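# Tertiary structure, described
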Number of protein chains: 2
Amino acid sequence: MVTLAEVAQHAGVSASTVSYVLSGKRSISTTTRQRVEQSIRELGYHPNAGARALASSRSNIIALMIPLRTDMYVPVMMEIAIAVATTARLHGYDVLLLTGEEGPDAVRRVTGSGLADAMILMDVELEDERLPLLRQTDQPSVLIGLPASTSGLTCVDLDFGATGALCVEHLAKLGHRDIAVVGEAPAVYERHTGFAERTLDGLRSRAREVGLRVLHRPCEGGYDAMAVTLARIFDERPGTTGFVVQNESAVEPLLALLRQQGRAVPEDVSVVAICPDQVAVQASVRLTSVAIPAQEMGRYAVEHLVAKLDGRGSDEVVLIAPELTVRASTGPAPAGS
Amino acid sequence: MVTLAEVAQHAGVSASTVSYVLSGKRSISTTTRQRVEQSIRELGYHPNAGARALASSRSNIIALMIPLRTDMYVPVMMEIAIAVATTARLHGYDVLLLTGEEGPDAVRRVTGSGLADAMILMDVELEDERLPLLRQTDQPSVLIGLPASTSGLTCVDLDFGATGALCVEHLAKLGHRDIAVVGEAPAVYERHTGFAERTLDGLRSRAREVGLRVLHRPCEGGYDAMAVTLARIFDERPGTTGFVVQNESAVEPLLALLRQQGRAVPEDVSVVAICPDQVAVQASVRLTSVAIPAQEMGRYAVEHLVAKLDGRGSDEVVLIAPELTVRASTGPAPAGS
DNA sequence: ATTCGCTGTCGAAGCGCTTCGACAGCCTAT
DNA sequence: ATAGGCTGTCGAAGCGCTTCGACAGCGAAT
């Protein structure tokens, strides 16, 4: 393994000079710099990460905590993870993958050991156990999601409240009076994941304003669960003509079931989904949807952290405005309803 | 930040003693050990990762390289990543997430800098550019996937050759004579990803043995692409009664299209999928499928690496035997065919 | 009683890097 | 001609840990 000292010797300069060439923290003459860079290339030198971390108290690693469970939004998670990893590399950082399993202990471990310089947390609950720790450490962090109180925290998320409202507005404008919300799995509500509740709140309050009736039903993904949920919905509100689907793994089953029951989309029933665009366009009916901007959130999280680590930037909460794209799954409410 | 020295002072022992308590590499009297452990707890000590890595040349980190592209098997990737992270933690390792984007450079960077002690590579191509580097470094690695030559490498993968054969056998036994294979996206074949080709080979050679005709068509995921592909298939081989689907994002579209065309599954047409069990049971028809053992592969990869880092274990290629689960999407070939 | 071999603990060196203060040499302003 | 200010380079200290050799103390074997 090639060391700094060997590079220095090869280039005929001192170790500190090589270090300054690498970091750019002091000015170096062009000739010296080139000589050093040449030596680095010839010897195939890579700085030792541990030594660097020890001396500088900087690991150049960002920790990403993803939920262990796979009961929701797998593609979204993946997209965020990839955006985080890619953006981090652009700024010279690597990404450490933590699962939610360890919970608060993972936060303690990472901040205590200097494993990472900063953290990104996903799957944030309203009263998340990890928050107190984040508030008291001076390590920067970004939440992807929105807890009950955001004081002293930085968060990014889609504005799910506005998203819910937007879906309602769209359906209301088309003349629908009775809509059903196919929500996330019950477990998601039970652990008070912010986004699911906020969607519902936004949706209900706008519905009240525009005089629209809303029936909300949590739903596991998959065909069988959706079949049961759908039956209940039509049982309770036979006049339902609009659907808002938040659980993306319920989208395709819903479409299939409606088709099977002879209800045409969008002639008889309209469907709005909250899902990544890719899912919306690959579905069997091109879905009117509000996109989940996974990449944007991942990128933002990293860039905010990098800014903070560079001494720029401050705490803030960024709610991304939802955009609804009209595709082929929504249309005017049928006359008779 | 609490240091080893502070713990030592608090416990009234030397720093090295604390270190030995932590590592267990020398025997320590019970009383001393307890005193030290008490101090560690009281002070909330966490060893500094950089210092530890520097002194021991061990980072306790395993690098996981996942493909950047999301054109295939997102849930499988995610499942593997989570299994890797979870298993790694069990053995005291953390996971560094690398994207395929950097290619061979990532391998160089990681081995050169001592960032990680070992690597797991996914999305392996037959003649992967990263392989020469892996062969020449002494850092242990595991490939999830199978390249053209495995000498000097450790690999785990589902036995896709046997998987293809198994699918054919199942359909043959049910009396099907003409089957179609809905493959991965063309790009997957173009970059010579091993598993896709091996599936096809296994499938074709068994088909030859049992006298079955096979038509293979690559297919992007999604409804539109599947519609085009399906039309071509029936155009060319109207007598097709069996399908093997490798691209999991084509499964649901295929089922929907068949239904739409009035072809009943499994009465008129049988479908076998190669996909995670979760996908198979959540589909609109419970699918007869060969499972992709994502968790098992992830776990195996980590455990093999840990063994190697502990000086146990050796190079080997593990091909997991496929298991076909019969569900509701396959049945006897229709009489007239 | 002396030697031998344990067990448990300590001190010190060193891992490879960053960074601070020092300073040589040169140019500009007086 | 001299002082002052730059620019570019160097040496040394130190980051927090692991690990090696040394050795004190003790019981067992001679």
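Being a predicted model, the structure only gives us computed values, none of them experimental.

## Let's talk about the sheet that holds strand S3 (residues 118-121) of chain A
Reading across the sheet, the 12 strands line up as S11(A)-S5(A)-S4(A)-S3(A)-S1(A)-S2(A)-S2(B)-S1(B)-S3(B)-S4(B)-S5(B)-S11(B) and stay open at both edges, with mixed pairing between neighbours. Two strands bound the open sheet, and with one partner strand each, they are strand S11 (317-320) of chain A together with strand S11 (317-320) of chain B. Strand-to-strand, the axes of this sheet are offset by a mean angle of 20°, without reference to chain direction. Taken together, the 3 bridges between strand S3 (residues 118-121) of chain B and strand S4 (residues 141-144) of chain B define a ladder with parallel strand orientation.

## Some remarks on the interface of chain A and chain B
Contacts between the two partners involve 50 residues from chain A, matched on the other side by 50 residues from chain B. Here chain A and chain B share an interface that buries about 4,100 Å² over both sides, 65% of which is from carbon and sulfur atoms. Applying the counting criterion to the chain A and chain B interface returns 6 salt bridges. Between Asp-224 of chain B and Arg-286 of chain A there is a salt bridge, with the nearest N and O atoms lying 4.0 Å from each other. Listed by contribution, the elements that provide at least two residues to the side of chain A that touches chain B are helix H4 (49-56), strand S1 (61-66), helix H5 (74-90), strand S2 (94-99), helix H6 (104-113), helix H11 (223-236) and helix H12 (251-260) of chain A. Considering each element in turn, the side of chain A that touches chain B owes the most residues, 9 residues, to H5 of chain A. Considering only residue class, the side of chain A that touches chain B consists of 25 nonpolar, 15 polar and 10 charged.

## Things to note about the sheet that holds strand S7 (residues 213-217) of chain A
All names here are of chain A. With respect to topology, 6 strands assemble into an open sheet ordered S7-S6-S8-S9-S10-S12, the strand pairing being mixed. Each edge of the sheet is formed by a strand with only one pairing partner; in this case those strands are S7 and strand S12 (324-325). The pairing of strand S6 (residues 178-182) with S7 spans 5 bridges and is parallel. When the sheet's bridge partners are listed, Ala-180 is paired in S7 with Leu-215. Packing against the sheet, helix H10 (residues 194-210) makes contact with S6, S7, strand S8 (242-245) and strand S9 (270-274), and its axis sits at approximately 160° to S7. Across the sheet, H12 lies against S8 and S9, angled at about 170° from S9, the strand it touches most.

## Digging into the pairing of strand S1 (residues 61-66) of chain B
Two faces make up the sheet, and in a regular strand the side chains alternate between them. Residue and element names in this part refer to chain B. For S1, the tally of buried residues reaches 6 of 6 residues, placing the bulk of the element in the interior. Here S1 shows no split at all, with Ile-61, Ala-63 and Met-65 on one side and Ile-62, Leu-64 and Ile-66 on the other all buried. Two strands pair when backbone bridges link them, and S1 and strand S2 (residues 94-99) are joined in this way by 6 bridges, in the parallel orientation. Within the sheet, the bridge partner assigned to Met-65 lies in S2 and is Leu-98. Sheet topology note: the S1/S3 ladder contains 4 bridges and is parallel.

## Details of the protein's contact with DNA strand C
DNA strand C sits among 26 residues. The nearest are Leu-4, Arg-26 and Tyr-45 of chain A together with Thr-17 and Thr-32 of chain B. Near the protein, meaning within 4 Å, the atoms of DNA strand C are sugar or phosphate in a fraction of 56%, with bases accounting for the rest. One of the side-chain nitrogen or oxygen atoms of Thr-17 of chain B is found 2.4 Å away from a phosphate oxygen of DNA strand C. Broken down by secondary-structure element, the contributors of at least two residues to the surface near DNA strand C are helix H2 (15-23) and H4 of chain A together with helix H2 (15-23) and helix H4 (49-56) of chain B. Ranked by the residues each element gives to the surface near DNA strand C, the list is headed by H4 of chain A, at 4 residues. Looking at the surface near DNA strand C residue by residue, the class counts come to 11 nonpolar, 11 polar and 4 charged.

## Observations regarding the packing of helix H8 (residues 160-173) of chain A against H10 of chain A
Residue and element names in this part refer to chain A. For the pair H8 and H10, interaxial distance at closest approach is 6 Å and the crossing angle is 40°. In this view, H8 runs oblique relative to H10, as classed from their interaxial angle. Between H8 and H10 lies a crossing of right-handed hand. Counting all contacts with H8, which are made through Phe-160, Gly-161, Gly-164, Ala-165, Val-168, Glu-169 and Ala-172, the residues of H10 involved are Phe-195, Arg-198, Thr-199, Gly-202, Leu-203, Arg-206, Ala-207 and Val-210. A per-class count over the contact of H8 with H10 returns 8 nonpolar, 4 polar and 3 charged.

## Some details on the nonpolar core
Core analysis: the biggest nonpolar cluster contains 108 residues, and Leu-64 and Ile-120 of chain A together with Leu-64 and Ile-120 of chain B have the highest contact counts within it. In this view, Leu-64 of chain A contacts Ala-81, Val-84, Val-95, Leu-96, Leu-97, Leu-98, Ile-120 and Met-122 of chain A; residues no more than four positions away in its chain are not counted. Of all hydrophobic cores here, the second largest spans 40 residues; its members include Ile-61, Val-110, Ala-116 and Leu-133 of chain B.

## Describing the environment of Leu-143 of chain B
All names here are of chain B. Structurally, Leu-143 can be placed in strand S4. With a relative accessible area of 0%, Leu-143 lands in the buried category. For the pair Leu-143 and Leu-121, spaced 22 residues apart in the sequence, the C-alpha separation amounts to 4.8 Å. Excluding its chain neighbours within four sequence positions, the residues that come into contact with Leu-143 are Leu-121, Val-124, Leu-131, Leu-134, Leu-153, Thr-154, Cys-155 and Val-156.

## Digging into the domain arrangement of chain A
Residue and element names in this part refer to chain A. The assigned domain composition of chain A is domain 1 (4-47), domain 2 (61-158 + 294-320) and domain 3 (161-293). Here domain 2 and domain 3 have C-alpha centroids that lie 29 Å from each other. Counting residues at the interface gives 21 residues for domain 2 and 19 residues for domain 3. Each partner contributes to the roughly 1,600 Å² buried at the junction of domain 2 and domain 3, and carbon and sulfur atoms together form 56% of this total. Counting across the domain 2 and domain 3 interface gives 1 salt bridge. A salt bridge links Arg-198 to Asp-157; its shortest N-O distance comes to 3.3 Å. Along the contact surface separating domain 2 from domain 3 lie 7 residue pairs in polar contact (both at pLDDT 80 or more). The set of elements that each furnish at least two residues to the side of domain 2 that touches domain 3 consists of H5, strand S5 (155-158), helix H14 (294-309) and S11. For the side of domain 2 that touches domain 3, the per-class residue count stands at 13 nonpolar, 1 polar and 7 charged.

## Brief notes about the relation of the copies chain A and chain B
Superposing chain A onto chain B takes a rotation of 180° plus a shift of 0.0 Å along the axis, which leaves an RMSD of 0.0 Å. Here the symmetry operator amounts to a two-fold rotation axis.

## Things to note about the protein's contact with DNA strand D
Close to DNA strand D lie 26 residues; Thr-17 and Thr-32 of chain A together with Leu-4, Arg-26 and Tyr-45 of chain B are nearest. Protein-adjacent atoms of DNA strand D, using a 4 Å cutoff, are sugar or phosphate at a proportion of 56%. One nitrogen or oxygen atom from the main chain of Ala-55 of chain A is found 3.5 Å from a base oxygen belonging to DNA strand D. In this structure, a phosphate oxygen belonging to DNA strand D sits 2.3 Å away from a main-chain N or O atom of Leu-4 of chain B. Elements with a contribution of two residues or more to the surface near DNA strand D: H2 and H4 of chain A together with H2 and H4 of chain B. By residue number, the principal contributor to the surface near DNA strand D is H4 of chain B, which donates 4 residues. For the surface near DNA strand D, a count of residues per class yields 11 nonpolar, 11 polar and 4 charged.

## As for unusual backbone geometry
Most peptide bonds are trans, and most residues other than glycine sit at a negative phi. Residues and elements named next belong to chain A. For the peptide bond that leads from Val-265 to Pro-266, omega is 10°, which places it in the cis range. Here Pro-266 lies in the loop between H12 and S9. With a phi close to 55°, Asn-60 is a non-glycine residue in the positive phi region. Relative to the helices and strands, Asn-60 is located in the loop between H4 and S1. For Asp-123, which is not glycine, the phi torsion reads 55° and is therefore positive. With respect to the element layout, Asp-123 can be found in the loop between S3 and helix H7 (131-136).

Criteria and thresholds
- What you see as residue numbers is a count from 1 along each chain, following the sequence as written.
- All chains are assigned letters beginning at A, and all ligands numbers beginning at 1, according to the order in which they are written.
- With pLDDT at 70 or above as the cut-off, local features in this predicted model cover only qualifying residues; side-chain atom pairs require 80 or more to be listed or tallied, and sums for whole chains, interfaces and linings still use all residues.
- Excluded from the side-chain calculations are hydrogens and water; all other atoms, namely the structure's heavy atoms, are used.
- Strand pairing requires that DSSP identify at least two bridges connecting the strands.
- Helix numbering and strand numbering both begin at the N terminus, where a helix is a DSSP run of H or I of at least 4 residues and a strand a DSSP run of E of at least 2.
- Axes, fitted as lines to C-alpha atoms, cover a helix only where it is in contact. Angles between the N-to-C directions of the axes lie from 0 to 180 degrees.
- Note on definitions: a residue-residue contact is assigned when non-hydrogen atoms from the two residues lie within 4.5 Å.
- The quantity reported as buried area is the accessible area (1.4 Å probe) lost by two parts once they are put together, taken as the sum for both.
- Any carboxyl oxygen of Asp or Glu within 4 Å of a side-chain nitrogen of Lys or Arg constitutes a salt bridge here.
- Under the scheme applied, nonpolar residues are Ala, Val, Leu, Ile, Met, Phe, Trp, Tyr, Cys and Pro; charged residues are Asp, Glu, Lys and Arg; polar residues are all the others, including Gly.
- When a residue's accessible area, from a 1.4 Å probe over protein chains only, is under 20% of the maximum for its type it is buried; when over 50% it is exposed; and in between it is partly exposed.
- Put simply, a residue is near a molecule or strand once any heavy atom of it comes within 4 Å of that molecule or strand.
- Within 3.5 Å is the distance limit for a polar contact, defined as a pair of N or O atoms, with the added protein rule that one can donate a hydrogen and the other accept it, and that residues adjacent in sequence qualify only through two side-chain atoms.
- These descriptions rest on fixed angle ranges, namely under 35 degrees for roughly parallel, over 145 for roughly antiparallel, 65 to 115 for roughly perpendicular, and the rest for oblique.
- Should the near helix be turned counterclockwise from the far one by less than a right angle, the crossing is left-handed, whereas a clockwise turn marks it as right-handed.
- By nonpolar core we mean a set of buried residues, namely Ala, Val, Leu, Ile, Met, Phe, Trp, Tyr and Cys, connected to one another through side-chain atoms within 4.5 Å.
- Domain ranges listed in this record stem from an automatic or a database domain assignment.
- Least squares is used to superpose the copies, and the fit set is the C-alpha atoms of residues whose pLDDT is at least 70 in both copies.

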